[in-house]
Amino acid sequence: MAAAVMPLIVLLSVQRAAPGPFITGSLGPAALAASGFFPALAGSSRSKKQLAPPSFAVPRATAVKGRDGRGRQLTKGVITMNMQSIQLADLRPPAHNPRSVIEDTSLDELAASIRGDGLLQNLVVAPSRGKTYRVISGERRFRALRLLCERGDIDETYQVPVEIRGKLSKRDKLRIATVENVQRENLAPVDEAEAFAELARNGVTLDDIAAETGKSVGTVKRRLAIAGLCDEVKQALRENRITLAVAEVMTLGSHDRQRGILEEVTYATERGWTPDIDDIRHDLLDSKPSVAEAIFPVERYTGTFTKDLFASDDQTFFDDTDQFLELQEQAVNEKAEQLQAEGVTVEVTNAYSIPNWQYRDAEDGEDGITIINLSPQGHVDIRENAVPYDLDRDTATATADTPAAPSKPRPAYSTPLCRYMAYHKTLAVQAELLAHPRVCKILAIGRLIGNHDAHEALHAFEELDEPPASYVTVNETAASCITHLPIEGREDAPAWIRLKYLSCDPAALYGTLKEFSDSELDALLALLTALEFGQSHCNALDTDEKSLFNHVARDLDVAMRNHWTPDAAFLSRRTKDQITQIAGEAGALQKGPFARLTKSDLVKLMERHFIQAAEATDPNEDQQRANAWLPEAMQFPAIDPVSIESADAEADSSSEEAD
């Protein structure tokens with residue numbers, strides 16, 4: 001392949017002067033000096049005017065015939081080349097150069113080198129209008145010569161050694177300029193990308209671009225992906241405001257997404273932060289789709305959303321990504337059918353972004369196509385009135401998507417089909433479960449073990465040295481139930497907490513629970529259910545007699561005094577008057593002169609009174625009253641005395657108004 005294109009790209013150089021396909025023999029230092037091409041060697045480096053060196057002709061080179069990737073002949077006939085010197089005034093700058101930026105410092109250094117040592121490499125030119133010649137390769141050297149002329153170091157008659165190429169097509173000129181720029185001095189990545197894209201648009205294959213420029217095929221593909229970036233991102237890369245790595249990962253997004261990422265990266269770098277490539281990749285590949293991206297009526301979506309505080313479309317996200325993708329694909333197909341019905345040629349693609357460098361805008365009166373790209377994340381890009389370049393077929397296919405795209409094998413079944421089969425299999429298992437209540441019980445226990453949240457009442461008494469008797473009952477039951485469960489860690493924690501520390505996955509837990517007896521399963525299910533159940537809102541009295549909590553408590557005939565004895569924690573939160581009232585109701589008035597006691601003494605006295613009454617084997621009348629005493633708020637439902645007093649006052653007021 002390299003032999004087939006060599007006549008188009010070999011850059012003849014007197015500096016190299018080695019035998020090759022177009023030059024026989026060699027020139028030594030003396031011959032080089034005598035030729036006049038290297039004035040420094042002839043001792044005339046400071047000469048302002050240079051005598052015209054003798055010209056010589058290179059024998060016509062018959063081009064090696066070959067074919068490119070599209071089967072087209074690479075060259076026709078012969079390419080005529082000869083070496084001679086042409087005065088600077090007759091040279092014209094290149095019509096196109098892959099290098100868009102030439103730094104002033106670099107140009108000054110080159111000019112100084114030429115002034116001191118002469119022009120060490122010829123320019124490659126082609127005949128232009130009249131007796132002028134257009135520079136094909138060597139724009140930096142040409143500009144350095146013009147700079148020396150402006151400074152007065154040389155004049156317009158300065159003889160410039162050139163290689164004249166005849167019968168060069170625009171494509172050939174681009175090849176030569178690109179190859180020289182890439183090989184002699186590294187092009188900026190954007191310039192390199194656009195140069196490679198121009199070569200590809202002219203039918204040059206990936207392999208040929210790689211062979212001619214010395215780059216790997218992978219590098220060429222990455223540069224071509226950069227050629228498709230939006231202008232803002234390419235400019236940022238050209239100005240070194242973003243790195244090449246950031247630019248390459250941004251090829252995963254549409255132009256709109258690229259602009260958004262660029263804003264975020266700019267914001268970060270301005271504050272001294274280094275953009276994280278993995279974060280950018282995650283944002284482009286793994287973030288949930290927003291409502292703003294949907295091209296279908298959102299009413300078609302039946303799943304849930306995640307919304308921000310203000311619930312704007314670009315901050316409201318679809319939770320069911322698969323359903324979003326299915327609806328988005330349906331909408332794209334509907335859009336394509338609508339356009340086709342209007343006579344528009346439509347091409348639907350599924351790349352991460354449209355390779356825009358492969359297309360140009362249609363001219364007036366020219367028929368273009370509409371490209372609708374649905375990315376793997378569901379982002380939709382539409383480019384209208386586009387005309388594809390005549391790319392080599394294999395090149396077009398290989399560069400249809402960005403090399404930054406994650407490589408994933410094509411699934412054997414599509415997502416919608418997987419969902420269809422999963423639904424049917426699920427229904428089949430559900431139907432069979434109805435006939436196996438023991439298996440259902442095991443599954444329910446498995447779900448509860450992994451997902452239960454113990455009621456806050458348990459946490460409230462967790463750290464007490466002497467917790468209530470009901471707490472002890474719950475914890476001891478939990479300890480007996482976890483004996484045969486695979487639990488690791490937190491040995492010092494209460495048993496009901498350790499239930500959270502299973503050391504197996506759901507399938508393994510299912511296998512363990514299958515070995516439990518029915519009574520063991522019943523005990524474990526009862527425990528897990530009890531751990532979660534309790535009063536819903538503990539910061540207020542539950543006075544609703546229809547609440548589930550009160551319903552269950554009444555059905556269980558819960559006797560609170562069997563589980564609770566008025567203690568200091570309760571009594572200390574009552575006023576002195578309220579404690580005195582409790583003493584009268586609980587048979588403790590005969591204990592002493594309450595009016596003389598402090599509240600703290602009253603709390604201790606009443607706590608001791610309730611404990612003695614509870615421990616009495618043959619309680620007297622006062623102790624019986626103490627054991628029976630229960631505040632109205634401890635009933636099911638709770639009774640709020642303030643609400644009752646308010647209701648009574650309102651009733652009295654209404655009665656007075658009626659009178």
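Right, let's walk through the structure included here. Fair warning: this is a prediction, and the values are worked out from it, not measured in the lab. (Residues numbered from 1 in each chain as written. Predicted model: local features only at pLDDT ≥ 70, side-chain atom pairs only at ≥ 80, totals over all residues. Heavy atoms only, no water.)

**A closer look at the packing of helix α7 (residues 206-213) against helix α8 (residues 217-227)**
Where α7 contacts α8, the two axes come as close as 9 Å, and the packing angle between them is 110°. Judged by the angle between their axes, α7 and α8 are roughly perpendicular. Along its contact with α7, which presents Leu 206, Asp 207, Ile 209 and Ala 210, the element α8 presents Val 217, Val 220, Lys 221 and Leu 224. Looking at the contact of α7 with α8 residue by residue, the class counts come to 6 nonpolar, no polar and 2 charged. (Axes fitted to C-alpha atoms, helices over the stretch in contact; angles between N-to-C directions. Helix = DSSP H or I, 4+ residues; strand = E, 2+ residues; numbered from the N terminus. Parallel < 35°, antiparallel > 145°, perpendicular 65-115°, else oblique. Contact = heavy atoms within 4.5 Å. Nonpolar A, V, L, I, M, F, W, Y, C, P; charged D, E, K, R; others polar.)

**Focus: the pairing of strand β5 (residues 123-127)**
Taking burial as the measure, the 5 residues of β5 include 4 buried ones, the bulk of the element. Across 3 bridges, β5 lies against strand β7 (residues 159-165) in parallel orientation. Each residue of the ladder has a partner; that of Leu 123, found in β7, is Val 162. The pairing of β5 with strand β6 (residues 133-137) spans 4 bridges and is classified as antiparallel. Among the inter-strand pairings, Val 124 is bridged to a residue of β6, identified as Ser 137. Hairpin remark: β5 followed by β6, antiparallel, with 5 residues in the connecting loop; positive phi at Gly 130, about 60°. (Buried < 20%, exposed > 50% of the residue type's maximum accessible area, 1.4 Å probe, protein only. Pairing = 2+ DSSP bridges.)

**Remarks on empty space enclosed by the protein**
The method is simple in principle: a probe with the dimensions of a water molecule rolls over the atoms, and the space it marks as empty is what remains. In this structure the tally under the stated criterion is 2 cavities of 30 Å³ or more. Of the volumes computed, that of the largest cavity is approximately 120 Å³. Every residue lining the largest cavity is counted, 16 residues in all, and those nearest its centre are Ala 225, Ser 353, Pro 355, Asp 401 and Thr 402. Looking at side-chain class alone, the lining of the largest cavity contains 8 nonpolar, 6 polar and 2 charged residues. (1 Å grid on protein atoms, 1.4 Å probe; cavity = no way out; pocket = protein on both sides within 12 Å on 5 of 7 lines; lining within 4 Å. Points joined across faces, edges and corners; volume = space filled by probe spheres on them.)

**Things to note about the pairing of strand β13 (residues 380-388)**
When strand β11 (residues 359-361) meets β13, the two strands line up antiparallel, connected through 3 bridges. Along β13, the bridge assignment pairs Tyr 359 with Pro 388. As defined by bridge partners, strand β12 (residues 369-374) adjoins β13 across 5 bridges and the pair is classed as antiparallel. Bridged to Ile 372 within β13 is Ile 382. Hairpin connection from β12 to β13: 5 residues lie between these consecutive antiparallel strands, with Gly 378 at a positive phi of about 95°.

**Looking at unusual backbone geometry**
Residues Phe 636 and Pro 637 are joined by a peptide bond in cis, for which omega reads 0°. With respect to the helices and strands, Pro 637 occurs in the loop between α26 (621-628) and α27 (641-658). Its identity is not glycine, yet Asn 240 carries a phi of approximately 60°, on the positive side. Relative to the assigned elements, Asn 240 resides in the loop between α9 (231-238) and α10 (244-250). Phi at Asn 385 is positive, roughly 55°, even though this residue is not glycine. Position of Asn 385 among the secondary structure elements: in strand β13.

**Some details on the pattern of salt bridges**
The full count for this structure, using the stated rule, is 26 salt bridges. Residue Arg 151 pairs with Asp 108 through a salt bridge whose shortest N-O separation is 2.7 Å. Of the two residues, Arg 151 is situated in helix α4 (residues 139-151) and Asp 108 in helix α3 (residues 104-117); the sequence distance between them amounts to 43 residues. One salt-bridge network, held together by shared partners, links Glu 192, Lys 215, Arg 222, Arg 223 and Glu 248. (Salt bridge = Lys/Arg side-chain N within 4 Å of Asp/Glu carboxyl O.)

**Thoughts on a nonpolar patch on the surface**
A surface patch of nonpolar side chains, about 390 Å² in accessible area, is lined by Tyr 413, Leu 417, Tyr 420 and Met 421. Along the polypeptide, Tyr 413 turns up in the loop between α14 (393-398) and α15 (415-433). For Tyr 413, a relative accessible area of 46% puts it in the partly exposed group. (Patch = residues over 30% accessible without salt bridge, like charges linked within 9 Å, V, L, I, M, F, W, Y side chains within 5 Å. Areas by Shrake-Rupley, 256 points an atom, 1.4 Å probe, with all protein chains shown as cover.)

**Here we look at the nonpolar core**
Here is a general trend for soluble globular proteins: nonpolar side chains tend to be buried in one another's company. Counting 35 residues, the largest nonpolar core has Ile 242 and Met 250 as its most contacted members. Listing elements by their share of this core, those giving two or more residues are α6 (189-201), α7, α8, α9, α10, α11 (255-270) and α12 (277-285). It is α6 that provides the largest number of residues to this core, a total of 6 residues. Listed in part, the 24 residues of the second largest apolar core include Ile 442, Ile 449, Phe 516 and Leu 531. (Core = buried A, V, L, I, M, F, W, Y, C linked by side-chain atoms within 4.5 Å.)

**Focus: the packing of aromatic side chains**
With the rule as written, the count across this model stands at 13 aromatic pairs. Their ring planes at 85° and their centres at 5.4 Å tell us that Trp 564 and Phe 570 sit as a pair that is edge-to-face. An aromatic cluster is defined as three or more aromatic residues linked by ring pairs; in this entry it consists of Phe 296, Tyr 301, Phe 305, Phe 318 and Phe 324. Note that Arg 271 overlies the ring of Tyr 267, its terminal NZ or CZ placed 3.5 Å from the centroid. (Phe/Tyr/Trp six-rings, centres within 6.5 Å; stacked < 30°, edge-to-face > 60°. Lys NZ or Arg CZ within 6 Å of the ring centre and 35° of its normal.)

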